[in-house]
Amino acid sequence: MLEKDLRPYLKDCLETIRAEYYSSPLQGLLRSLRGRIVIPTGGGKTAVEAIFLRDMINKDGHDIHIVLAPRIALLNQLIRDYRNCAGQQYLAVAFHSGKTEPDYGKGKIKWAEKAVMSVEDIKSEFARAKRMDKDLVVFSTYHSVNRLLDLEFDTLIADESQYCVAENWHETVKSINAHVKLFFTATEKWTYNSNGRGLNNESVFGKRLYEILPQDLIDKGYIVPPRLHVIYGDASTNKNPVIDECIRIAKYQNKHTKKTLPFSKILFAMNGTKDVITVSQNVQAFKKVLPNHKIFTIISNSKFG
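Residues numbered from 1 in each chain as written. Predicted model: local features only at pLDDT ≥ 70, side-chain atom pairs only at ≥ 80, totals over all residues. Heavy atoms only, no water.

A. Highlighting the pattern of salt bridges. Scanning all chains against the criterion turns up 15 salt bridges. Among the ionic pairs, Arg18 bridges to Asp55, the shortest N-O distance being 2.6 Å. A residue pair is termed long-range when its members are at least 10 positions apart, and Arg18 in helix 1 (residues 8–22) and Asp55 in helix 2 (residues 45–56) qualify at 37 residues. Here Glu125 makes a salt bridge to Arg128, at a shortest N to O gap of 2.8 Å. You can see Glu125 and its partner Arg128 sitting in helix 4 (residues 119–131), three residues apart, about one turn around the helix. Look at Glu125 and you get buried, because its relative accessible area is 3%. What you see here is one network of salt bridges that share partners, running through Glu3, Glu15, Arg18 and Asp55. (Salt bridge = Lys/Arg side-chain N within 4 Å of Asp/Glu carboxyl O. Helix = DSSP H or I, 4+ residues; strand = E, 2+ residues; numbered from the N terminus. Buried < 20%, exposed > 50% of the residue type's maximum accessible area, 1.4 Å probe, protein only.)

B. Broad picture of the nonpolar core. Ile17, Ile37, Tyr82 and Leu182 are the most contacted members of the largest nonpolar core, which totals 43 residues. With eight residues, helix 3 (residues 72–86) is the single largest residue contributor to this core. Each residue touching Ile17, except ones within four places of it in the same chain, is listed here: Leu33, Ile37, Val48, Phe52, Leu182, Phe184 and Leu209. Core analysis: the second largest hydrophobic core is formed by 29 residues, Phe95, Phe183, Leu199 and Phe205 among them. (Core = buried A, V, L, I, M, F, W, Y, C linked by side-chain atoms within 4.5 Å. Contact = heavy atoms within 4.5 Å.)

C. Seen up close, the packing of aromatic side chains. Taken as a whole and assessed by the stated rule, the structure comprises eight aromatic pairs. Residues Tyr21 and Phe52 carry aromatic rings whose centres are separated by 6.2 Å and whose planes lie at 80° to one another, so their mutual orientation is edge-to-face. Taken together, the residues Tyr21 in helix 1 and Phe52 in helix 2 connect sequence positions 31 residues apart. Exposure class is identical for Tyr21 and Phe52. Each is buried. Taking the centre distance of 5.7 Å and the plane angle of 25° together, the rings of Tyr142 and Trp169 count as stacked. Of this pair, Tyr142 sits in the loop between strand 7 (135–141) and strand 8 (152–158) while Trp169 is found in helix 5 (residues 167–175), placing the two residues 27 residues apart along the sequence. Here Trp169 falls in the buried class, since its relative accessible area comes to 16%. Chaining the aromatic ring pairs together yields one cluster made of Tyr21, Tyr22 and Phe52. If you follow Lys130 out to its NZ or CZ, it ends over the ring of Phe126, 4.7 Å from the centre. (Phe/Tyr/Trp six-rings, centres within 6.5 Å; stacked < 30°, edge-to-face > 60°. Lys NZ or Arg CZ within 6 Å of the ring centre and 35° of its normal.)

Shown next, in the form of structure tokens:
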């Protein structure tokens, strides 16, 4: 992606990050920066992540950079998106824990880049990158990155950084050795105590460098407002009312979205864990009516992702 093709607010965001970076203090020959960027879902934050990382690649010798995401499927998507935005001037590798990660399943994911599972593999890939006169970019899940704490990174990009506040991941993210740490999210999670695990802990996550509100993007026509459908069903009269109603709404939403947009994103906020599990167990029913959609479920129960 060419920088000139970015939406105006994304250019502003990128220039803000650059200005903060070049005004940040030097530690030896390297600069140190912490900061948070808040851009609504669908607003294009991935492009900013990738283009800024492109700035950092090969700027002063050979370095390792790391990009974090909460799920393996999202990680693979980011790998592809970064290539589209940042080009081919780096060597990329996916790092994960294999079958111990919730949505890896039976290893059916088709990796866009080489996938490895050991720190020694990372070191080997870094040596290969240097022979190719390139930097290495490691794409890892929050689940796996604790195994990379002995490595030194130039840049850390944390996508969906609201996950950093989780008790089991906060200390790991805090401990990662990286000169530049940028945390991107659409939904910041704060704690009442500014010294807690929340993203408002500036000693860990830095100050908020850039924010644009959903309403601003809606008013400018960059994203569309969500449509809320409230449904009621009687479980005694239907074998699977949750699935049937969700499919009906999804078909309706998809049909009307296609009238004005070349794609559709449909979000269901379920009533509780039981309903999300029901959806997870009936994904094939959705695939039959929405074959071109990627379907994800998010739930706190690790068995279901």
